[in-house]
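Coordinate analysis (summary)
Here's the letter readout for the chains.
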Amino acid sequence: TGDQTLKGKRILVTAGPTKEALDPIRFFSNQSSGKMGYAIAAAAQRAGADVTLVTGAQLGDIKGVTTVHVTSAREMYDEVIRRYNGLDAVIKAAAVADYRPENVSASKIKKSDGPMMVKMVRNPDILKELGRQKVKQVLVGFAAETDDLEENALKKLESKHLDLLIANHASDSFGNDTNKVTFYFANGRKQVLERMPKPQIAEEILDALSGLFEMSDSK
Ligand code: C5P
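Notes on the structure in this doc start here. All values derive from a computational prediction rather than experimental measurement. (Residues numbered from 1 in each chain as written. Predicted model: local features only at pLDDT ≥ 70, side-chain atom pairs only at ≥ 80, totals over all residues.)

1. A few points about the sheet that holds strand β10 (residues 164-169)
Sheet strands pair by backbone hydrogen bonding; their relative direction is either parallel or antiparallel. Where we set the bar: Following DSSP output, two strands are said to pair if at least two bridges run between them. Only runs of H or I of at least four residues qualify as helices and only runs of E of at least two qualify as strands under DSSP, and these elements are numbered from the N terminus. Under this scheme, a helix contributes an axis fitted over its contacting stretch, all axes are lines through C-alpha atoms, and angles between N-to-C directions fall in the 0 to 180 degree range. What counts as a contact is two residues whose backbone-derived C-beta atoms lie within 7 Å of each other.
A sheet is described by the order of its strands in space; here eight strands give the open sequence β5-β4-β1-β6-β9-β10-β12-β13, paired in mixed fashion. Edge strands, defined here as strands with exactly one partner in the open sheet, are β5 (66-69) and β13 (190-192). Pairs of neighbouring strands in the sheet enclose a mean axial angle of 15°, with direction left out of account. In this sheet, strand β6 (residues 89-92) lies alongside strand β1 (residues 10-15) in parallel orientation, the contact comprising four bridges. Looking at β6, one finds that T14 is bridged to K92. Against the sheet, helix α1 (residues 35-46) makes contact with β1, β4 (50-55) and β6, and its axis sits at roughly 160° relative to β1, the strand it touches most.

See below:
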């Protein structure tokens, strides 16, 4: 979209994994590469939007995009929530860790011969909180599942008050340059996309977002 279809829109995109520290050396994380979120941020910037990218991945900064680097889910939470008021849309492509170690050791944990127990506690669900605080922001979420994709997608769409949920099969999306996704809209519409490169999926997402803006602007 070289045309300025998103001109004037303030859009925040999250990308990549979060890392949850165990000690100064070790962390828990996941397979997210950040490629999808970065592709969305770049495409939104090209379409004229004012874009902020909050990311746990370290891909090259995108010209014209305000990039905020975060590590943990709680940092991502803080950086997203404090910007939420001024935004027109949030696209949550990040793979946020659901759990973190309850205690972070100040020094390196030494090994012993027996097994080791790590107690994990829940992280805040950023997107759920955005759904709760929603005024008129358009909210787009992702669901990466290995099982029961559609059922879980529809559940998330509703429980997080999303306008659009993008579902993909976790086994063939993480780290890849292509993906196969399905769009589920809050109005019940479903759109199955072909497998395509992530930058092209980003364009499809922004087309869908433009449509959602048109719907909410005419309300
Ligand atoms: O983890 P889950 O499958 O529920 O994630 C679905 C969506 O919720 C994703 O868009 C993800 O970025 C978001 N999420 C979040 N905060 C969390 C967990 C997930 O914003 N703690």
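2. What about the nonpolar core?
Quick reminder of the rule: We call a set of buried Ala, Val, Leu, Ile, Met, Phe, Trp, Tyr and Cys residues a nonpolar core when their C-beta atoms link them within 7 Å. Exposure is read from a count of other C-beta atoms within 10 Å of each residue's own; the residue is exposed at 12 or fewer, buried at 20 or more and partly exposed in between. C-beta atoms are placed from the backbone.
Membership of the largest hydrophobic core comes to 54 residues, with the highest contact counts inside it found for V13, I40, A44 and V140. Among the elements that take part in this core, α1 stands out by supplying seven residues, more than any other. Once you skip the residues sitting within four places of it in the chain, V140 turns out to touch A89, I91, K92, L162, D163, L164, I166, I205 and L209.

3. A few points about helix α4 (residues 149-159)
For clarity, the threshold we go by: Read the arc as the range of directions from the helix axis to the C-beta atoms.
Those residues of α4 lying buried are A153, K156 and L157. The buried side chains of α4 occupy one side of the element, clustering within an arc of 105° when seen end-on. Away from its buried face, by an angle of more than 90 degrees, α4 presents the exposed residues E151 and S159. Downstream of α4 by a residue or two, H161 has a phi angle that is positive, lying close to 55°.

4. Structural notes on the pairing of strand β12 (residues 181-185)
Sheet analysis places β10 next to β12, joined by five bridges and oriented antiparallel. Among the inter-strand pairings, A167 is bridged to a residue of β12, identified as T182. Bridge count between β12 and β13: three bridges; the pairing is antiparallel. Pairing of F183 across the sheet is with Q191, part of β13. As consecutive antiparallel partners, β12 and β13 are separated by four residues, and within that stretch G188 has a phi angle of approximately 100°, a positive value.

5. Description of the pairing of strand β9 (residues 138-145)
Short version of the rule: Whether a crossover is right-handed comes down to one check: with the strands pointing away from the viewer, does the path from the first strand over the helix to the second run clockwise; if it does, it is right-handed.
Within β9, seven of the eight residues are buried, which leaves it mostly tucked inside the rest of the structure. Taken together, the four bridges between β6 and β9 define a ladder with parallel strand orientation. Counted as the bridge partner of I91 is V140 from β9. One ladder, built from six bridges, connects β9 with β10; its direction is parallel. Pairing of A143 across the sheet is with A167, part of β10. Note that the unit made of β9, α4 and β10 has a crossover that is right-handed.

6. A word on unusual backbone geometry
Despite not being glycine, D148 shows a phi value in the positive range, around 45°. Counting through the fold element by element, D148 comes out in the loop between β9 and α4. C-beta crowding within 10 Å serves as the criterion here: with 9 such atoms nearby, D148 is assigned to the exposed category. The backbone of H161 sits at a positive phi, close to 55°, despite the residue not being glycine.

7. Examining the site of the ligand
Our working rule: Nearness rests on one distance test: the residue's C-beta atom, set from the backbone, must lie within 6 Å of the molecule or strand. Three classes are used: nonpolar for Ala, Val, Leu, Ile, Met, Phe, Trp, Tyr, Cys and Pro, charged for Asp, Glu, Lys and Arg, and polar for all others, with Gly counted as polar.
The environment of the ligand is formed by 13 residues, the closest being K92, V96, I126, L127 and G141. Counting only elements with at least two residues in the shell around the ligand, the list comes to α3 (126-132) and β9. Of all the elements, β9 adds the most residues to the shell around the ligand, at three residues. Here the shell around the ligand is composed, by residue class, of seven nonpolar, two polar and four charged.

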